[in-house]
Structure formats: C-alpha cells, structure tokens
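# Coordinates in review
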Amino acid sequence: MGSGSRIDHQHHLIATTASASISTSDDDQHFGVAEEQQRLISEILRLGQRIELGQATDAEAQRFTEARDELRSEWGNDDIPSDEDRLPDSAPYDEEHVAQEARELEGQVLLGQATVEQTERLSELHERLQPAEDRAVQRAAAQQVLDEMLAEQQATAALHVQARDRLPDEPVVSYEEDFDAFQRAYDAARERAARGEAAIPYLTEDATGGLGAREGGRGFGVELEFDVDGDYDTRSEARERIALDMYQAGLSRDEGVHGYHAQQYAGYTDAANAWRMETDCTVTGEIVSPILYDEPATWQNLATMCEIIERHGGHASFRTGGHVHVGMHDYGVDVANHFRLMQTYKAYEDVLYRLAQNPGAPGNLHRGPDWCTPNRVPADGYRDIYSVEAGAHHGQAVNLSGARGRQSDHGEFRLWDGSLNPSVIQTQVKLSLGITAAAVRDAGSTHGPAGGDPVQLGGHRQRLREAGLLGRRLNGEQWRTSTLNFRRLVDEVFHRSQDKEQATALFASTRWQRR
C-alpha cells in the first residue's frame, strides 16, 4: 500500500509484498453464500495450503479431494436438480402451496416458536421461490468468492515461504542456552536506570529487524490512552490543546476532538498525518495512530506524540491501556496459524503480563486484567476461521475478532498497560509483531512454543509463594529458573541481539503481576 492509501475497516493492516495483493470489502465477501458452503470452502483452502506446503497427511489429502468434490456437487456448475426433484415426493411443486407454507413458517419464526427443522425448512422454501435465474446468479457469485479466496490463499502460501526464508539459520545468541548473555543485558539496563538514564533503548533505524517493514513485514497501529488530572472542563481543554498541537505538528489533518472509534468509521490509512484524537468514556482521551511501518519517521512521530500529550498534563494513569494492532495478512484460513499464535501467548502469558506493566506507574502497579482478560485457548485448536472470530471479544488480552481469513485481517494485543514512554511502547510493539510472526514462521513445527509447560497469569508469584521465596531477592539457580520463561520468549520471537537486549531492559524495569 502506498502512502495515503485508505482502508475502510478497523486496522486492516496489509503488508506490501512482491506477490499479488487482493483487497475485497468485508461487505462483499459473502455474496449471500450459505454458511455451510463458506465452511466447506474454508476447509478446502486450509487443506490445500497444507498440501502446497508439503505438510498434509494422507488423510488430509484424501479429505481435500472429498471436500472439493462435495463443493462441486452441491454448489458447482453441474446439472442442477429441478424444483420438483428437490421437493418431497408427497408435495409436488406448486408455487402457491410453497408460498403458503413459507408464510406459516415465517409466523412461527417471528413468534419465536419455530424448531430448528422448521427454520431449515423455511430457508429451503425461500430458495424454491426464487426465480431460476436468481439461483444461477447466486451460484456464479459463489464461484467468484471461491476463485478470489483461492487467489488469496496462493498469495498467503508465498508469504509463508518468504517469512521463513528471511530469517537467519541460527539466532545470534540464545538466552535460554547462554544465561550470561541475558544477565549482562539485564545488569546493563539496571545500571542505566541507576545513573538516571533511560533503561530501555529507543531505536529509530531498522528497529524491528524486518518484522514491521513496509516491504515484507507487517503493518501495525497503536492506541495511546491518557488521563489529565482535574475536573471536566480541565480535561476537555487539555484534549483540545493536544489536538491543536497534533495538527500544527503535521500529525493530524484537523484540530478536532473526534468521537469514540471515529478513526474506525472514517477508514484507516498509512498517511503520516492521520493520527487522531478521540474521546473515551473510561479515560480523558485516546490517540489513534494511522497504519505504521518500521521507518524512522514512524518512531519520530510516536515520540513527538507522547511529548505533546505530556506537555499538556497528560499521563498514563492506573486506568489507561495501550493497544497494539498487528496485521495478519498471511494467516489465511489455515487456523493452525491462529492456534499457534494463541498457544504462544498462553505459554508465556505470565511473563507477557509482566512486560505489560507500565514501568512509570507509581508503586509498580498494574491496571489489572478487567479490560484485558486472559484468553482461553481451545485444547484441540480451532475448527475453522468462524470459530476463531466467534471466540474472540474486545476485552481479551489478545483480541482476534478481526480474523476472517482475509488479507485485511489483524489482531489486537490489549494486555499492555498505558504508557507515554516511546521506548516502552516500541518494545511492546515489537513483542506483538514477533509473536504474530512466529506463528506463521514456525508452521509445521512439532515442538511446543515455550519448550516447556505454559505459565498462566500469576503462576510465577504462586511458585515463589509455595517455595517461601515471595518478596525475597533471588540468586543463583533460583534466579536462573525464575527468568527461564522470559528467556525462552525472546528466543522464540527475536533473532537479533539488540531486540533481545531491549526486551530484557523492559523485563528489568517491570514486576510480576498479581492476578
């Protein structure tokens, strides 16, 4: 996507690649196709992708053939049964009779008295009452949907190959194996803080190691919530002054204070001047970014935005959150990608909530999980793309309600506390990007994401409490064991030393969370 291009749905982040890019409005994607047909198409595409990547079992290859034949038989361009053939033998086709039965069933549905069988029968009768040419149009539209989805799936498979080829064969350093490398980075961060310097480095050139690159990476976006102390008028005036400064700094297109989710309804863009001030009933205000990429201007604009908020009394209070949206253009309908993403989150849940803490919060407090509840991850994975979206909601730590199997998909990492420290925000953006990328990069892997048992929120404190070590300074093997989950996380999502060192500095600046 070029500069200034527009996206009409919330944070639909698309990474530009050398392969073909297909963009289809969500409003157009169903074309009235039955849900059962969409599910069958989803299954065919998922199995086809596994076959193309050489990961399919014999049973999956057989099911691919069977499902494709079923699709062609039920909705293809083969001979279409006549209305007489499709009605029960005891009820010869009579349009007036069918219409009367449909009206009776509609009454039952409106009264809430219809059974499942009656509802299905009503749908069948509605189809009988459609002119033959309308049914032909529906079938043609369904074939168009299938063709477009197949094209997207081919592009997705190519992106998977690119993601794996882009990484070095081995990371520069493994923190799991080289504890001393981790300890050096940890001590360096603590020493910087003791000298009054910024503990967490802020990178402006190639900050993400390609994870957020415009070419071959993922677009991302941030939402910065802030509070201003004082009464209603004081807060309102602060919003207006911040909005004016944003406009004068070239970060926004107007000096207005917009309503909640105004950016979503207006459509997202990657234009540099598309930051927007919005109201939020839970805090003083929220700044919503455009679609961002890992470029020097992005990090300069983020730092400027944080400075403007603080200049007018804005701060990250106990109530504020920081949300990071990440493009999932290469996930497609293969829900194994989504499952690996959520397995990775769950494996490192406790340490991620630690890294979510705002290091500048008074008393090292965390806002708690009320607006970012720990996700429940199905033990057997997701059945299809519909079950991914159906199980997601706005208040989860990782919100996948934007997962629809399209190149415009995105995920939202909501577990981060609010912060106006650009270094903290950048590190949390990179963690969000790294976790999202690892799920696709490690397609076909058979080992667990964490190399060990998942540690859920509160697990670390519980272990320390049981061992009588809670509140005590850890040394030696106790400290090594205590940091193992974090060291595995950074090995999982980062390959470069500077990325691991930056994340370690955030780890050194935060504390374990209470559930």
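Up top is the structure.
Residue indices follow the written sequence of each chain, beginning from 1 at its first position. A pLDDT threshold of at least 70 governs which residues receive local features in this predicted model, and a stricter bar of 80 or more applies before side-chain atom pairs are shown or counted, although totals over entire chains, interfaces and linings include all residues. Values shown for side chains rest on all heavy atoms present in the structure; no hydrogens or waters enter the calculation.

### What about the pattern of salt bridges?
By definition, a salt bridge exists where a carboxyl oxygen of Asp or Glu is found within 4 Å of a side-chain nitrogen of Lys or Arg. Under the definition given, this model contains 18 salt bridges. The partner of R496 in a salt bridge is D206, with the nearest N and O atoms 3.1 Å apart. Of the two residues, R496 is situated in the loop between helix 17 (484-493) and helix 18 (497-508) and D206 in the loop between helix 7 (179-194) and strand 2 (220-226); the sequence distance between them amounts to 290 residues. The class of R496 is buried, set by a relative accessible area of 17%. The salt bridge involving E412 is made with R414; its shortest N-O contact spans 3.2 Å. Numbering of helices and strands runs from the N terminus, with a helix taken as a DSSP run of H or I at least four residues long and a strand as a DSSP run of E at least two residues long. Buried means the residue's accessible area, taken with a 1.4 Å probe over protein chains only, is under 20% of the maximum for its type, while exposed means over 50%, and partly exposed covers the values in between.

### Let's talk about the packing of helix 8 (residues 232-248) against helix 10 (residues 296-311)
In contact at an axis separation of 9 Å, helix 8 and helix 10 are set at 145 degrees when each is read in the N-to-C sense. Of the two elements, helix 8 crosses helix 10, and the hand of that crossing is right-handed. Contact with helix 8, carried on its side by I242, D245 and M246, involves M305, I308, I309 and R311 of helix 10 and no other residues of that element. Any residue outside Ala, Val, Leu, Ile, Met, Phe, Trp, Tyr, Cys, Pro, Asp, Glu, Lys and Arg is labelled polar, Gly included; the first ten of those are nonpolar and the last four are charged. Taken together, the residues of the contact of helix 8 with helix 10 break down into five nonpolar, no polar and two charged. Comment: axis = line fitted to C-alpha atoms, over the contacting stretch for helices; angle = value between 0 and 180 degrees taken between N-to-C directions. A crossing counts as left-handed when the near helix is turned anticlockwise from the far one by less than a right angle, and as right-handed when that turn is clockwise. Should any heavy atoms of two residues lie within 4.5 Å, those residues are counted as being in contact.

### Focus: the nonpolar core
Membership of the largest hydrophobic core comes to 86 residues, with the highest contact counts inside it found for W275, I287 and M305. Element by element, the count of residues in this core is highest for helix 14 (residues 422-441), at nine residues. Take the buried residues of types Ala, Val, Leu, Ile, Met, Phe, Trp, Tyr and Cys, join any two whose side-chain atoms come within 4.5 Å, and each joined set is a nonpolar core. Among the nonpolar cores identified, the runner-up in size contains nine residues, and L45, L47, A67 and L71 belong to it.

### Regarding the environment of Q407
The topology assignment puts Q407 in the loop between strand 7 (398-399) and strand 8 (410-413). Here the alpha-carbon distance between Q407 and D330, two residues 77 residues apart in the chain, equals 6.6 Å.

### Thoughts on empty space enclosed by the protein
Cavity: a set of points on a 1 Å grid over the protein atoms alone where a 1.4 Å probe fits but cannot get out. Pocket: an open set with protein on both sides within 12 Å along at least five of seven lines, its lining residues, like those of a cavity, having an atom within 4 Å of a point. Grid points are joined across faces, edges and corners, and a volume is the space filled by probe spheres set on the points. Scanning the entire structure with this criterion turns up five cavities of 30 Å³ or more. Roughly 100 Å³ of volume is contained in the largest cavity. Together, 14 residues line the largest cavity, and E223, L224, G322, H323 and I425 are the ones closest to its centre. Tallying contributions element by element places strand 2 first for the lining of the largest cavity, with four residues. Class assignment for the residues of the lining of the largest cavity results in five nonpolar, six polar and three charged.

### Focus: the sheet that holds strand 7
Spatially, six strands are ordered 4-5-2-6-8-7 in an open sheet, and the strand pairing comes out antiparallel. The open sheet has two edge strands with one neighbour each: strand 4 (276-280) and strand 7. Most of the contacts of helix 8 go to strand 4, to which it runs at about 165 degrees, and overall it touches strand 2, strand 4 and strand 5 (283-288). Contacts from helix 14 reach strand 2, strand 6 (322-327) and strand 8, with the element oriented near 35 degrees to strand 6. For two strands to pair, DSSP has to find at least two bridges joining them.

### A short note on the packing of helix 17 against helix 18
Here helix 17 crosses helix 18 at 150 degrees, and the two axes come no closer than 10 Å. Classified by the angle between their axes, helix 17 and helix 18 sit roughly antiparallel to one another. Here the hand of the crossing between helix 17 and helix 18 comes out right-handed. Here helix 17 contributes F486, V490 and D491 to the contact with helix 18, which in turn contributes K500, A503, T504 and F507. Of the residues that constitute the contact of helix 17 with helix 18, the class distribution is four nonpolar, one polar and two charged. Our angle categories are set so that under 35 degrees counts as roughly parallel, over 145 as roughly antiparallel, 65 to 115 as roughly perpendicular, and the remainder as oblique.

### Focus on the environment of N375
Topologically, N375 is positioned in the loop between helix 12 (349-355) and helix 13 (385-390). Of the residues examined, N375 reaches a relative accessible area of 4% and is grouped as buried. Residues N375 and Q396, 21 residues apart in the sequence, show an inter-C-alpha distance of 6.0 Å. The residues touching N375, leaving out its near neighbours within four places in the chain, are M342, Y345, K346, E349, Q396, A397 and V398.

### So, the packing of aromatic side chains
Aromatic pairing here means that ring centres of Phe, Tyr or Trp (its six-membered ring) are within 6.5 Å. Orientation follows from the plane angle: under 30 degrees is stacked, over 60 is edge-to-face, and everything else is tilted. This structure, assessed with the given rule, holds 13 aromatic pairs. Here Y175 and F182 contribute two aromatic rings whose centre-to-centre distance is 6.0 Å and whose plane-to-plane angle is 70 degrees, an arrangement assigned as edge-to-face. Considered together, Y175 and F182 belong to a single accessibility category, that of buried residues. Taken together, Y175, F179, F182, Y186, W479, F486, F507 and W512 form an aromatic cluster joined through their ring pairs. Placement of a positive charge over a ring is assigned whenever Lys NZ or Arg CZ falls within 6 Å of the ring centre and within 35 degrees of the normal to the ring plane. When the ring centre of W512 is taken as origin, the NZ or CZ atom of R354, which lies over that ring, is 5.0 Å away. Here K500 stacks its cationic end above the ring of Y175, 5.8 Å away from the centre of that ring.

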